[in-house]
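Report on the structure
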Amino acid sequence: MLEAANLISRRSNQVSLDLMAAYAYADNQHESLKVLDQLLRRNSVAQGPLLDGLSAMVANSNMRPSMLRLLSRNPPWAPQFWRRLAQSAQGLPGAAELRLARARQNASVDPDLDRMLIEGLAGQGLFGDAERIGNTLFPEAGIGRKQEIVLRNTSFSFQPDYLPFDWRLISNGDYGTTIDLAHSVLAISALAGSSGTAAEQLVHLSQGAYRLSVQLDPRSAPPGDHLGVSLICADQAANILFKDRIARLPALINNSTCTWAYLRVVIQLPSDAQDMDWAIQNIVLRPIAKD
């Protein structure tokens, strides 16, 4: 009866929703998704909640083949779907598999949406999935770098593009961070009393020893006790691998537990200090070869 009603009036949202629910109850997900496609193509007020529901389904491996067939038709709502998926805590655990399957079909997706997906995956702690997406969709970016390089954009020669595998620049009312391309430096300006992370980058680590060094521009204010660097495990409960002042670098860091970590540039400027401006020329995190 619902199928007949839907054939008579494909403009009835309620009939379509009831038919979709009936197919789902009968475990006929393929037909249920076809009706969902009809609803989404109408661009009705229900599109947002429907896309949220569709995004959440991505985590179900049994649903992904049907969703892939649906997306292979290049529906007009596909860009909105990828945007919602990048922000879906429920769907992100299956997002990499679906996106890579579409990549094998040579699908065209807005690169900005793929960058959102990479950042969304990392935000959920799915660092390996985020790296796989980056390696596959943006091979020229060098996200899957050789281990001896570790950091990306280490000399600040271009603006960050693939977060969190590049520098996240953090600014607020007390301090601001930019990349000055004219001088290839990480420029940090801080008011007295500033405290917090100025920049950070997610790095993929192996077990072993690393050497961390930071070089400031000769025109920069001295780091003193007010500018530091930390390496914090991202795949554990904020385990601190390293934390010290830049003035005390270079330093040796031993890693035996972390696979993923955030390297952070940290400000700690007392309220009775002067305003400060720093310029960092490079930050190098390099593994030490084993004998």
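Counting restarts for each chain, with residues numbered from 1 along the sequence as it is written. Owing to the predicted nature of the model, reporting of local features is limited to residues with pLDDT of at least 70; listing and counting of side-chain atom pairs is limited to 80 or more, with chain, interface and lining totals taken over all residues. Note that water and hydrogens are dropped before the side-chain values are worked out from all heavy atoms of the structure.

1. Regarding the overall build of the protein
Strands here are runs of E lasting at least two residues and helices are runs of H or I lasting at least four, both read from the DSSP assignment and numbered beginning at the N terminus. The helix and strand tally for the protein stands at 9 helices and 10 strands. The classification of residues rests on relative accessible area computed with a 1.4 Å probe and restricted to protein chains. Under 20% of the type maximum is buried, over 50% is exposed, and intermediate values are partly exposed. In the protein, which comprises 291 residues, the proportion classed as buried is 45%. If you sum the accessible surface of the protein, you get close to 14,300 Å²; carbon and sulfur atoms cover 50% of it. Working definition of accessibility: Shrake-Rupley area with a 1.4 Å probe, residue cover restricted to the visible protein chains.

2. Notes on the sheet that holds strand β2 (residues 175-180)
Here the rule is simple: two strands pair whenever DSSP picks up at least two bridges between them. The 5 strands lie next to each other as β2-β3-β10-β5-β8, forming an open sheet whose pairing is antiparallel. Pairing within the sheet leaves two strands with one partner each, and these edge strands are β2 and β8 (251-255). Geometrically, the sheet is characterised by an average inter-axis angle of 30 degrees between neighbouring strands, direction not taken into account. Pairing between β2 and strand β3 (residues 185-190): 6 bridges, direction antiparallel. Here an angle of 0 to 180 degrees is reported between the N-to-C directions of two axes, which are lines fitted to C-alpha atoms, with helices fitted over the stretch in contact.

3. A closer look at the sheet that holds strand β9 (residues 260-268)
With respect to topology, 5 strands assemble into an open sheet ordered β1-β4-β9-β6-β7, the strand pairing being antiparallel. With one partner strand each, in any of the chains shown, β1 (168-169) and β7 (240-245) form the two edges of the open sheet. One ladder, built from 2 bridges, connects β1 with strand β4 (residues 195-204); its direction is antiparallel. Following the sheet pairing, leucine 169 is matched in β4 by alanine 199. Contacts from helix α9 (residues 127-137) reach β4 and β9, with the element oriented near 95 degrees to β9. Here, residues are in contact when the closest pair of their heavy atoms is within 4.5 Å.

4. Observations concerning the side chain of serine 66
Mapped onto the secondary structure, serine 66 falls in helix α5 (residues 64-71). Under this definition, polar contacts are N or O atom pairs within 3.5 Å; protein pairs additionally need one hydrogen-donor-capable and one acceptor-capable atom, and for neighbouring residues in sequence, both atoms have to be side-chain atoms. Only 3.0 Å separates the side chain of serine 66 from the side chain of arginine 69, close enough to count as a polar contact.

5. Overview of the pattern of salt bridges
Two side chains with opposite charge may pair up if their charged atoms get near one another. Put simply, a salt bridge is a Lys or Arg side-chain nitrogen that is within 4 Å of an Asp or Glu carboxyl oxygen. Under the counting rule described, the total for this entry stands at 13 salt bridges. A salt bridge links aspartate 112 to arginine 115; the nearest nitrogen and oxygen atoms lie 2.8 Å apart. Remark: arginine 115 and aspartate 112 occur in helix α8 (residues 111-123); sequence separation between them is 3 residues, near one turn of the helix. A relative accessible area of 46% means that aspartate 112 is categorised as partly exposed. Arginine 115 sits in the partly exposed class, given a relative accessible area of 25%. Each of Glu119, Arg168, Glu200 and Arg264 takes part in a single network of salt bridges with overlapping partners.

6. Overview of the state of the cysteines
In what follows, a disulfide is any cysteine sulfur pair within 2.5 Å. Under the counting rule described, the total for this entry stands at 1 disulfide. A sulfur-sulfur distance of 1.2 Å marks the disulfide that ties cysteine 233 to cysteine 258. Handedness of the cysteine 233-cysteine 258 disulfide follows from its S-S torsion of about 55 degrees: it is right-handed. Of this pair, cysteine 233 sits in strand β6 (residues 227-233) while cysteine 258 sits in the loop between β8 and β9, placing them 25 residues apart in sequence.

7. Focus on the nonpolar core
Soluble globular proteins: nonpolar side chains tend toward being buried together. Formed by 42 residues in total, the largest nonpolar core has its most connected members in Trp77, Phe81 and Trp82. Within the residue set of this core, elements represented by two or more residues are α3 (29-41), α4 (47-57), α5, α6 (78-85), α7 (95-104), α8, α9 and β9. Not counting residues within four places of it along the chain, the set of residues in contact with phenylalanine 81 comprises Leu51, Leu54, Ser55, Val58, Met67, Leu71 and Leu98. To qualify as a nonpolar core, a set must consist of buried Ala, Val, Leu, Ile, Met, Phe, Trp, Tyr and Cys residues joined through side-chain atoms within 4.5 Å. By size, the runner-up hydrophobic cluster in this structure holds 39 residues, among which are Ile179, Leu205, Ile246 and Leu249.

The quantities given are spatial measurements derived from coordinates; they are silent on function.
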